[in-house]
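# Remarks on the overall topology
Below, each chain spelled out in residue letters.
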Amino acid sequence: MRPKVKGRKVRSGKNVPPTVVHTLAELPMGQRCILDHLELPEDIARRLMELGFLPGNEVIPARRAPGGGPRIFRVDGSEVALRHETAARVFIRRDPESDLVVLP
Amino acid sequence: MSSCHGGAPRTNLLPNPAIPLPRAAHDHPIIVAIVGPPNSGKSTLFNRLTGLRQKVANFPGVTVEHRMGKAKLKDEQEVFLVDLPGVYSLHPRAEDEQVTHDVLKGERPDFPKPDAVILILDSTNLGRNLVLAAPILSLGMPTLILLNMADDLALRGGKVDVAALSAELNSPVALVSATKGTGIDRVQQFLLATAAKLSTVALPRVELPVLQDVPKCRQWAAKLGVRASYKAPSPPLWTRRLDTVFLHPIAGPVIFAAVVIAVFQSIFSWAQPAMEGLKQAVAASGHWMTSVLPDTPFRSLLIDGVWSGVGAVVVFLPQILLLFLFIGILEDSGYLARAALIADRTMAKFGLQGKSFIPLLSSYACAVPAVMATRVIENKRDRIATIMIAPLMTCSARLPVYTLLIAAFVPNIPILRGVLYLPAATMLSLYVLGFLAALFTARMLKSTILKSQRSSFVLEMPPYRWPTLRSLALRLIDRAKIFLTRAGTVILLVAISIWVLAHLPLQHGKTPPLEHSYAGMVGKGVEPAIKPLGFNWKIGIGLITSLAAREVIVGTLGTIYGIEGDEPSEGLQKAVRKDLSPAGAVALLIFFAFAMQCFSTIAIVKRETGGWKWPIFQFSYMLALAYSGSWIAYRLASHFLT
Ligand SMILES: Nc1nc2c(ncn2[C@@H]2O[C@H](COP(=O)(O)OP(=O)(O)OP(=O)(O)O)[C@@H](O)[C@H]2O)c(=O)[nH]1
Ligand SMILES: [Mg+2]
């Protein structure tokens, strides 16, 4: 189902095993990335873009709901909660400049 | 939802060069719309300028309908402000955003197109907030741009050059704090200028980006930010620290449970002294009136009818206020949005999403605003399902009924090693029962008549804020007013009617025994239907009157026992024990947990779903649930409790 996208290796920190990551859903907590494109129905894609999920913007998964629900992403100066299935349609490229970011 | 709106007149997306005609203030009232992203402080500003009390809370999507109010200006100029639901753009996804879109474009048949706009943006995240400036400025109306939360911006070390931004946009710009009131005089000036002569107010003249294209708008906003030397504030550290605790996989749920238990325990312990005080006051004033008034039917009406009936309900004010205090803290602090996040997974299992949880929580106060609040849910079928289940949540009108019955029947013994007492635990179980019934109903609806694709959940998390004493106090005062008004109208009316019906028809010029009065006959009439549930005809009278509103049953019983000569309210607990067996009390609690006894809710459901179909379905469904539920409860309880 998922369209073929070239996976890239994320240089990971000590605890995180290296994995191929191409969507926001797979990104480990605290890992900075750059958004590439969205593959979502028009209206929700638009809303996500209005909330700052724009190609080229930086996104960090900051928190997960207790019990494993949606995750909160830091994007464009605010925090937005998305479900896994939505995040799985948000494609990313790794931030070339940084590695694991330590969250305060 | 498509962006087409039937045959409504199309409006230009480009700046409209035609300047609106100057109008004399007495000719038409001038209307200024307050627009902005969700949670940017629109309602706070509206309240400050009009002196009204629109609901303010710290999560996106509080305001869901337009609301007009007259601005208080130094001159006697008439300017009306309209508070609107928050929007991210003029591309509505949900019903509340549609309202803002339609009002701004003049596409609402019942509302004139505004003459000017106040665009209120969150200055602590100006880059993203300015994106909304593009579509709003392109409406071509005189626009004042307010950069709100100036206090927060300064505190966290952010900066912005207001004059530069104003020059860029050719519109007045001001840095304000809607809560603190700084910079508000600039708003007054704008309103006066707008009222005096529309043509003198500058129209925005900017090179606008391609509106359909969000990335272009964002780039435009970024460029503006640079030209206005915008320095973003440092991240909200306290919000992050608090989230570390509240969203912690273990600490989070534990804290949540502790808070919930504390709420229920306090409703029984903290509110008790205040309630006892009120009871004594009602009883004492009743005695006093009996002693000073001559023994006439009027005295009987006043004391046995009105005083016992209204008094029986009024004593529950402390419990109601305590509940609203907790809801207020939840809403004002920003925790509510986190609760929605945590709930999303569970809600998804029942076919809904986290956003449905916000109206459901506000249903704990009252189902009427909760039904309105469902407008933020984008998916229409999800929205209907949420409306259908909202009245199953335990609203505050059930609180007097629950408290009365629990206090009368449940012994005050500690359980869980004294963490909780049995009455509070019973109350908590009733709340849980209502919630489970709601989830079960949602599941049923979403897998049959309201089936839809799995919806998405997108929610912006607000920063935590301290609930201010002022805003909490205002909430409580407003709630007390509503509660007492209801006691003074609906319940008063019912009390008087019951008193009259209980004294007629006269037998040989004397009042009949209650059983043979009109009220008694009605009660006797329904008795066969409710006997299987363990209720007698007196409870029957209460049940019928409680169709208007749930707490009315308490007033009605107060009146009935008042007429029968019991002490007003003091003996209400004792008196119900004569008419209900413990099993009957369990059945009555279950009945109230499930039945839809509220005219206002029926009316709002009809309005929000646009017809009688859904309210009729809902009423019948809930009645069936209540009847079968309490029948089963009565059988089981009769078996175990004797
Ligand atoms: N620190 C600070 N907080 C503010 C200010 N203005 C508003 N708030 C807070 O921001 C939150 C949202 O305020 P509202 O007035 O409800 O926002 P709104 O724009 O009407 O929100 P919606 O109706 O949901 O679109 C509340 O908690 C306010 O107390 C301000 O100037 N400074
Ligand atoms: Mg509002």
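Numbering of residues begins from 1 in every chain and follows the order in which that chain's sequence is written. To read the labels, note that chains go from A and ligands from 1, taken in the order they are written. The predicted nature of this model means local features are confined to residues of pLDDT at least 70 and side-chain atom pairs, given and counted, to a pLDDT of 80 or more, with totals for whole chains, interfaces and linings taken over all residues. Where side-chain values are given, they derive from all heavy atoms of the structure, hydrogens and water being excluded.

A few words now on the overall build of chain A. Helix and strand content of chain A: 2 helices and 7 strands. The order of helices and strands in chain A, counted from the N terminus, is β-β-β-α-β-β-β-α-β. Accessibility here uses a 1.4 Å probe with only protein chains present; expressed as a share of the type maximum, an area under 20% marks a residue as buried, one over 50% as exposed, and anything in between as partly exposed. Taken over 104 residues, chain A has a buried fraction of 52%. For this analysis, residues touch if any pair of their heavy atoms sits within 4.5 Å. In chain A, of all internal contacts separated by at least 6 residues, the share reaching a separation of at least 24 is 61%. Residue burial considers only the protein chains on display, and all accessible areas are found by Shrake-Rupley using a 1.4 Å probe. Accessible surface, chain A as shown: approximately 4900 Å² in total, 54% of it carbon and sulfur. Put simply, DSSP marks the helices as runs of H or I at least four residues long and the strands as runs of E at least two long, and each gets a number from the N terminus on.

Our next topic: the overall build of chain B. Check the secondary structure of chain B and you find 27 helices and 9 strands. It is over C-alpha atoms that the radius of gyration is taken, and the globule rule equals 2.2 Å times the number of residues to the power 0.38. For a compact globule of 642 residues, the expected C-alpha radius of gyration is about 26 Å, and chain B comes in at 28 Å, within 12% of that figure. Dimensions of chain B, computed from C-alpha atoms along their principal axes, come out at roughly 85 × 55 × 45 Å. Counting only residues that meet the buried cut, chain B has 57% of its 642 residues in that class. Nonlocal contacts in chain B, meaning residues at least 24 apart in sequence, comprise 73% of its contacts between residues at least 6 apart. Accessible surface computed for chain B: about 27100 Å², of which carbon and sulfur atoms make up 65%.

Another aspect to go through is the coordination of the magnesium ion (ligand 2). All names here are of chain B. Water is not among the atoms examined, so metal sites may look incomplete; donors are the N, O and S atoms within 2.8 Å of the metal, or within 3.2 Å for Na, K and Ca. Donor atoms from the polypeptide that coordinate the magnesium ion (ligand 2) comprise Ser43 (OG) and Thr63 (OG1), at 2.0 Å from the metal. Taken together, the residues Ser43 in helix H1 (residues 42-50) and Thr63 in the loop between H1 and strand E2 (67-70) connect sequence positions 20 residues apart. By relative accessible area, Thr63 is classed as buried at 11%.

The next subject is the site of ligand 1. All names here are of chain B. Nearness is defined per residue: one heavy atom within 4 Å of the molecule or strand is enough. Residues in contact with ligand 1 amount to 23 residues; listed here are only the nearest, Lys42, Ser43, Thr44, Val62 and Thr63. Each polar contact in these results corresponds to two N or O atoms within 3.5 Å; when the atoms are within protein, one needs to be able to donate a hydrogen and the other to accept it, and residues that are neighboring in sequence are counted only if both atoms are side-chain atoms. At 3.4 Å, a backbone N or O of Gly86 approaches an oxygen atom of ligand 1. Here ligand 1 loses 93% of its free accessible area of 660 Å² to cover by the protein chains. Looking at the shell around ligand 1 element by element, the count peaks at 3 residues for H1. Gly is put with the polar residues, along with every residue not named as nonpolar or charged; the nonpolar set is Ala, Val, Leu, Ile, Met, Phe, Trp, Tyr, Cys and Pro, and the charged set is Asp, Glu, Lys and Arg. Across the shell around ligand 1, the residue classes break down as 8 nonpolar, 12 polar and 3 charged.

Residues and elements named next belong to chain B. A positive phi is found at Met149, a non-glycine position, where the angle reads about 65°. By the secondary structure assignment, Met149 is in the loop between strand E5 (143-148) and helix H5 (150-155). Residue classification places Met149 among the buried residues on the basis of a relative accessible area of 10%. Phi at Asn170 is positive, roughly 50°, even though this residue is not glycine. Counting through the fold element by element, Asn170 comes out in the loop between helix H6 (162-169) and strand E6 (173-175). Take Asn170: its relative accessible area is 25%, and that puts it in the partly exposed class.

A separate point is the side chain of B:Thr124. Residues and elements named next belong to chain B. Residue position: Thr124 is located in the loop between strand E4 (116-122) and helix H3 (126-129). Overall, the relative accessible area of 13% leaves Thr124 in the buried class. A polar contact is formed between the side chain of Thr124 and the side chain of Asp122, at a distance of 2.7 Å. Apart from residues lying up to four places away in sequence, Thr124 is in contact with Met149, Asp152, Leu153, Arg156, Tyr230 and Pro233.

This part covers the sheet that holds strand E1 (residues 30-35) of chain B. All names here are of chain B. Two strands make a pair as long as DSSP finds a minimum of two bridges between them. Judged by pairing direction, the sheet is mixed, and its 6 strands sit side by side in the order E2-E3-E1-E4-E5-E6 without closing on themselves. The open sheet has two edge strands with one neighbour each: E2 and E6. Pairwise comparison of adjacent strand axes, ignoring direction, gives a mean angle of 25° for this sheet. Both E2 and strand E3 (residues 79-83) contribute to a ladder of 4 bridges, which runs antiparallel. Directly across from Met68, in E3, lies its bridge partner Val82. The angle between two axes is taken between their N-to-C directions and runs from 0 to 180 degrees, where each axis is a line fitted to C-alpha atoms and a helix contributes only its stretch in contact. Against the sheet, H1 contacts E1, E2, E3, E4 and E5, and its axis sits at roughly 155° relative to E3.

Bringing a nonpolar patch on the surface into the picture now. Residue and element names in this part refer to chain B. Two joining distances apply to patches: 9 Å for like charges and 5 Å for nonpolar side chains (Val, Leu, Ile, Met, Phe, Trp, Tyr), and every residue must have over 30% relative accessible area and no salt bridge. Salt bridge, as applied in this entry: a Lys or Arg side-chain nitrogen positioned within 4 Å of an Asp or Glu carboxyl oxygen. The grouping of Ile496, Val500, Leu501, Leu504, Leu506, Tyr518 and Met521 at the surface amounts to a nonpolar patch, some 550 Å² of accessible area in total. Within the residue set of the nonpolar patch, elements represented by two or more residues are helix H20 (469-503) and helix H21 (518-530). At 3 residues, H20 tops the list of elements feeding residues into the nonpolar patch. Here Tyr518 shows up in helix H21. Classification of Tyr518 by relative accessible area gives partly exposed; the value is 38%.

All names here are of chain B. Relative to each other, helix H11 (residues 271-292) and helix H12 (residues 297-314) sit at 175°, their axes nearing to 10 Å. Classed by the angle they form, the pair H11 and H12 counts as roughly antiparallel. Contact residues: Leu278, Val282, Ser285, Gly286, Met289 and Thr290 in H11; Arg299, Leu302, Ile303, Trp307, Gly311 and Val314 in H12. Residue classes in the contact of H11 with H12 are distributed as 7 nonpolar, 4 polar and 1 charged. Each angle is binned into one of four classes, with values under 35 degrees roughly parallel, values over 145 roughly antiparallel, values of 65 to 115 roughly perpendicular, and all other values oblique.

Here the focus is the interface of chain B and chain A. Taken residue by residue, the interface counts 36 residues in chain B and 31 residues in chain A. On inspection of chain B and its partner chain A, the count reaches 4 salt bridges. A salt bridge links B:Asp344 to A:Arg83; its shortest N-O distance comes to 2.8 Å. Seen at the junction of chain B and chain A, the total is 15 residue pairs in polar contact (both at pLDDT 80 or more). For the side of chain B that touches chain A, the secondary structure elements donating two or more residues are helix H8 (214-227), helix H9 (237-246), helix H14 (335-349) and strand E9 (458-461) of chain B. Ranked by residues supplied to the side of chain B that touches chain A, first place goes to H14(B) with 5 residues. Its residues assigned to classes, the side of chain B that touches chain A comprises 16 nonpolar, 10 polar and 10 charged.

Below, the discussion takes up the packing of aromatic side chains. Here is the rule: rings of Phe, Tyr and Trp (six-membered ring for Trp) pair when centre to centre is within 6.5 Å. Planes less than 30 degrees apart are stacked, more than 60 are edge-to-face, and the remainder are tilted. Per the counting criterion, the structure on display carries 10 aromatic pairs over all chains. Relative to A:Phe73, the ring of A:Phe53 has its centre 6.4 Å away and its plane inclined at 80°; by these criteria the two rings are edge-to-face. You can see A:Phe53 sitting in the loop between helix H1 (42-50) and strand E4 (58-64) and its partner A:Phe73 sitting in strand E5 (residues 71-75), a full 20 residues away along the chain. Exposure class is identical for A:Phe53 and A:Phe73. Each is buried. Ring geometry for B:Phe246 and B:Tyr335: centres 5.3 Å apart, planes at 75°, overall edge-to-face. Residue B:Phe246 is located in helix H9, and its partner B:Tyr335 is located in helix H14; the two are separated by 89 residues in the primary sequence. Residue classification places B:Tyr335 among the buried positions, given a relative accessible area of 9%. Members of the aromatic cluster, joined through ring pairs, are B:Phe246, B:Phe256, B:Tyr335 and B:Tyr464.

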